[in-house]
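Structure at a glance
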Amino acid sequence: MPFPVKRVHFGNYVFNIWENVYEPAEDSFLFAENLDVEKGAQVLDVGTGCGILGILAAEKAGNVVAFDLNPSAVRCARENSALNNVRSKMAFMQADLLTALNEKATFDLILFNAPYLPSAEDEAESWIGRSWAGGINGRQVIDRFISEASPHLKPNSRILLMQSTLTNVEETIRKFEERNLKVSFKAERKLPFFETLTLIEAKT
Ligand SMILES: C[S@@+](CC[C@H](N)C(=O)[O-])C[C@H]1O[C@@H](n2cnc3c(N)ncnc32)[C@H](O)[C@@H]1O
């Protein structure tokens, strides 16, 4: 049975981080600082981890669906939603990207702080490794996400996707544009060793 190993604060929110669950890091915080949600929006938080993005979104959203492949993350996020008084607005499910959705399910906003680091095959063998491991070119999960998420957008809706310049941001732009989405950079943060975190917005 997993258990909380750490407590993280963001503004007035508090998150217990369970064993084998991604601890919010610079990418999570850059995303959280730039997360704007329309009142009443229907939001999907893919790869919710400890729930940080979905829980913040739930303040203004009508409702938030949160998915993660990692069963400990799903339970951790669910408990954190109760801790932050937004449990009634949220639904949680263990799921591989968007494959669990009914084909007619659509959202106003889809969030994903993706596993984006180029990595060896064996890094994806642990739950925590799967939080950052994006396969040999870093794009394995991102490419699947782009093709699975686009059909679940309502008219006048958006995707917010966090990745890094280590993983070919131009390729992401190209793939979104192929699906007739308009792309812009919502936020960027330089990290050491020539890497920049990039929060990409793709609008219908
Ligand atoms: C970088 S962490 C982000 C966690 C959290 N959203 C945050 O910002 O702190 C990526 C998350 O995606 C999840 N994940 C990885 N592959 C996934 C997949 N195929 N389907 C659903 N979730 C996945 C991981 O378990 C992890 O919780």
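Structural notes, computed from the coordinates. Within each chain, residue numbers correspond to sequence positions counted from 1 in written order. For a predicted model such as this one, the threshold for reporting local features is a pLDDT of at least 70, and the threshold for listing and counting side-chain atom pairs is 80 or more; totals across whole chains, interfaces and linings nevertheless cover every residue.

**Digging into the site of the ligand**
Within the structure, the ligand sits among 23 residues, and Ser28, Gly47, Gly49, Leu69 and Asn113 are positioned closest to it. For the shell around the ligand, the secondary-structure elements that each account for two or more residues are α1 (26–33), α2 (52–58), β4 (63–68) and α4 (129–132). Tallying contributions element by element places α4 first for the shell around the ligand, with three residues. Residues are counted as near a molecule or strand when the C-beta atom, derived from backbone positions, lies within 6 Å of that molecule or strand. Under the DSSP-based scheme used, a helix requires at least four consecutive residues in state H or I and a strand at least two consecutive residues in state E, with every element numbered from the N terminus.

**What about the packing of helix α5 (residues 140–149) against helix α6 (residues 169–178)?**
The contact between α5 and α6 brings their axes to 10 Å, and the two run at 15°. As judged from the angle between their axes, α5 and α6 are roughly parallel. The handedness of the crossing between α5 and α6 is right-handed. On α6, the residues touching Ile142, Asp143 and Ile146 of α5 are Thr172, Lys175 and Phe176. Residue polarity follows a fixed list, in which Ala, Val, Leu, Ile, Met, Phe, Trp, Tyr, Cys and Pro are nonpolar, Asp, Glu, Lys and Arg are charged, and the others, Gly among them, are polar. Residues of the contact of α5 with α6, tallied by class, amount to three nonpolar, one polar and two charged. To obtain an axis, a line is fitted to C-alpha atoms, over the contacting stretch when the element is a helix, and the angle between two such axes runs from 0 to 180 degrees between their N-to-C directions. Roughly parallel means an angle under 35 degrees; roughly antiparallel, over 145; roughly perpendicular, 65 to 115; everything else is oblique. In this scheme, a crossing is called left-handed if the near helix is turned counterclockwise away from the far one by less than a right angle; it is called right-handed if the turn is clockwise. Once C-beta atoms are placed from the backbone, any two residues with those atoms within 7 Å are in contact.

**Observations regarding the sheet that holds β4**
Two strands pair under a simple rule: DSSP has to find at least two bridges between them. Taken together, seven strands build an open sheet; the order of strands is β5-β4-β3-β6-β7-β9-β8 and the sheet is mixed. At either margin of the open sheet sits one strand with a lone partner, and together these are β5 (90–94) and β8 (182–191). Taking the axes of each pair of neighbouring strands and ignoring which way they run, one obtains an average angle of 15° across the sheet. Sheet analysis places β4 next to β5, joined by five bridges and oriented parallel. Across the sheet, the residue bridging to aspartate 68 is glutamine 94, located in β5.

**Overview of unusual backbone geometry**
Even without glycine at this site, asparagine 156 takes up a positive phi of about 55°. Its location among the elements puts asparagine 156 in strand β7 (residues 153–164).

**A short note on the nonpolar core**
In summary, soluble globular proteins display a tendency toward joint burial of nonpolar side chains. Val43, Cys50, Ala57, Ile110 and Leu111 are the most contacted members of the largest nonpolar core, which has 54 residues in total. Ranked by the residues each element gives to this core, the list is headed by α2, at six residues. Other than its neighbours up to four places away in sequence, isoleucine 110 contacts Leu44, Val46, Ala149, His152, Leu153 and Ile159. Joined through C-beta atoms within 7 Å, a set of buried Ala, Val, Leu, Ile, Met, Phe, Trp, Tyr and Cys residues constitutes a nonpolar core. Here the C-beta atoms are placed from the backbone, and a residue counts as buried if at least 20 other C-beta atoms lie within 10 Å of its own, exposed if 12 or fewer do, and partly exposed otherwise.

**Description of helix α3 (residues 71–83)**
Between its terminal C-alpha atoms α3 stretches 19 Å, which fits the 18 Å expected from 13 residues at 1.5 Å a residue. If you check which residues of α3 are buried, you get Ala73, Val74, Cys76, Ala77, Asn80 and Ser81. End-on, the buried residues of α3 take up no more than an arc of 165°, which puts them together on one face. In α3, the exposed residues that point more than 90 degrees away from the buried face are Pro71 and Ala82. On its buried side, α3 packs onto β2 (13–18), α2, β4 and β5. Helix span is expected to be 1.5 Å times the residue number reduced by one. Directions pointing from the helix axis toward each C-beta atom define the arc.

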